[in-house]
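An overview of the molecular structure
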Amino acid sequence: QVQLVESGGGLVQPGGSLRLSCAASGSIFSIYHMAWYRQAPGKQRELVASITRSTNYAEFVKGRFTISRDNAKNTVYLQMNSLKPEDTAVYYCNADLYPFLGARLQSYWGQGTQVTVSS
């Protein structure tokens, strides 16, 4: 089994910063792709940023958020700066990985971590 565990969410004032972490554990042969999504109340889940050998960002976070990855720790990070109230959402980690040699690529999700930006 594979688990993704997020941490680092919380309450922050507008203009502040938070750093999210997501650690993958369990039966993992290799991780191909990791990403952060978010879902605000009443809205669909949307991609925030993703990383393979390169990074990709949603327009609404470019220049403010940075995604990075520690392959040795099977961990992905999301550094969020200049936070705005509209960034308030549950942030989910996603990983596309091979659980063992010869397996098909499979997608896993974390349980989510709440980020609230409010004064």
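Described below are features of the structure shown in this document. Because the structure is a prediction, the values reported are computed rather than measured. (Residues numbered from 1 in each chain as written. Predicted model: local features only at pLDDT ≥ 70, side-chain atom pairs only at ≥ 80, totals over all residues. Heavy atoms only, no water.)

What follows covers the sheet that holds strand 8 (residues 75-80). Pairing in this open sheet of four strands is antiparallel, and the strands run 1-3-8-7 from one edge to the other. The open sheet has two edge strands with one neighbour each: strand 1 (2-7) and strand 7 (65-70). The mean angle between the axes of side-by-side strands here comes to 15°, regardless of whether they run parallel or antiparallel. Of the pairings in the sheet, the one linking strand 3 (residues 18-26) to strand 8 comprises six bridges and is antiparallel in character. Across the sheet, residue Cys22 finds its bridge partner in strand 8, namely Val76. (Pairing = 2+ DSSP bridges. Helix = DSSP H or I, 4+ residues; strand = E, 2+ residues; numbered from the N terminus. Axes fitted to C-alpha atoms, helices over the stretch in contact; angles between N-to-C directions.)

Here a disulfide denotes one covalent bond, and it connects the sulfur atoms of two cysteines. The full count for this structure, using the stated rule, is one disulfide. Two residues share a disulfide in this structure: Cys22 and Cys93, whose sulfurs sit 2.1 Å from each other. Residues Cys22 and Cys93 are joined by a disulfide whose S-S torsion is about -80°; by sign, that bridge is left-handed. Of this pair, Cys22 sits in strand 3 while Cys93 is found in strand 9 (residues 89-98), placing the two residues 71 residues apart along the sequence. The exposure classification of Cys22 matches that of Cys93, with both residues buried. (Disulfide = S-S within 2.5 Å. Buried < 20%, exposed > 50% of the residue type's maximum accessible area, 1.4 Å probe, protein only.)

What follows deals with the packing of aromatic side chains. Pairs of aromatic rings are described using the distance from one ring centre to the other and the angle between the two planes. A complete count under the given rule lists one aromatic pair for this structure. Note that Arg19 overlies the ring of Tyr77, its terminal NZ or CZ placed 4.1 Å from the centroid. Over the aromatic face of Tyr92 sits the side chain of Arg45, whose NZ or CZ is 3.7 Å from the ring centroid. (Phe/Tyr/Trp six-rings, centres within 6.5 Å; stacked < 30°, edge-to-face > 60°. Lys NZ or Arg CZ within 6 Å of the ring centre and 35° of its normal.)

Moving on to the pattern of salt bridges. Two side chains bearing opposite charge may form a pair once their charged atoms approach each other closely. Taken as a whole and assessed by the stated rule, the structure comprises four salt bridges. For Arg38, the salt bridge is made with Glu46, and the minimal N-O distance between the two is 2.9 Å. Exposure remark for Arg38: the relative accessible area of 6% places this residue in the buried category. Using a relative accessible area of 30% as the deciding quantity, one classes Glu46 as partly exposed. Connected through shared salt-bridge partners, Arg38, Glu46, Arg64 and Asp87 make up one network. (Salt bridge = Lys/Arg side-chain N within 4 Å of Asp/Glu carboxyl O.)

With respect to the element layout, Thr75 can be found in strand 8. Assessed through its relative accessible area of 7%, Thr75 is described here as buried. Within the structure, the side chain of Thr75 is placed 2.9 Å from the backbone oxygen of Lys73, a separation counted as a polar contact. Each residue touching Thr75, except ones within four places of it in the same chain, is listed here: Cys22, Ala23, Met34, Ser68, Arg69 and Asp70. (Polar contact = N/O pair within 3.5 Å; in protein donor to acceptor, adjacent residues only side chain to side chain. Contact = heavy atoms within 4.5 Å.)

Once that is clear, we can look at the side chain of Asp96. Position of Asp96 among the secondary structure elements: in strand 9. The side chain of Asp96 sits in the buried core without any salt bridge; Arg69 is the nearest counter-charge, 9.3 Å away. Of the polar contacts made by the side chain of Asp96, one reaches the side chain of Ser107; its length is 2.9 Å. (Lys, Arg positive; Asp, Glu negative; His and termini not counted.)

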